[in-house]
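So the chains spell out like this:
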Amino acid sequence: MADVEWYDLPLMEEEVLILREGSTIVFNFHSRIFNKVAAPHLKFLSPISIEEKGDRVILKLRAEEGEELRAWLLLNLGKGFFLTELEGLELS
């Protein structure tokens, strides 16, 4: 899946895309949403990687930490964003 440019999907600014890839969970945030809701919690997480792609931030976490962040996001949906979740797909 890493070779597929799913990160470039057209997403709304308020949309946080969550993709499960085996033992990792990848979050695709708009940078404004990332800075508002995720960045303050990075000190509690050990990201595998954080990458900026244009106005989006791609955060990759181990499954357990990803589930914790996902749960926190679900509890905070009233803060101006919504979630879209996908399972790992073989795209061609």
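Residues numbered from 1 in each chain as written. Predicted model: local features only at pLDDT ≥ 70, side-chain atom pairs only at ≥ 80, totals over all residues. Heavy atoms only, no water.

## Describing the packing of aromatic side chains
Phase 1 of the analysis: Enumeration over the complete set of coordinates arrives at two aromatic pairs.
Phase 2 of the analysis: With a centroid separation of 6.0 Å and 20° between ring planes, the pair formed by Phe 27 and Phe 29 is classed as stacked.
Phase 3 of the analysis: When its relative accessible area of 0% is taken as the criterion, Phe 29 is described as buried.
Phase 4 of the analysis: Centre to centre, the rings of Phe 29 and Phe 34 are 5.6 Å apart; their planes meet at 65°, and the pair counts as edge-to-face. (Phe/Tyr/Trp six-rings, centres within 6.5 Å; stacked < 30°, edge-to-face > 60°. Buried < 20%, exposed > 50% of the residue type's maximum accessible area, 1.4 Å probe, protein only.)

## Quick notes on helix α1 (residues 31-38)
Phase 1 of the analysis: Listed as buried for α1 are Ile 33, Phe 34, Val 37 and Ala 38. Mapping the buried residues of α1 onto a view down its axis gives an arc of 100°, with all of them on the same face. (Helix = DSSP H or I, 4+ residues; strand = E, 2+ residues; numbered from the N terminus. Arc of directions from axis to C-beta.)

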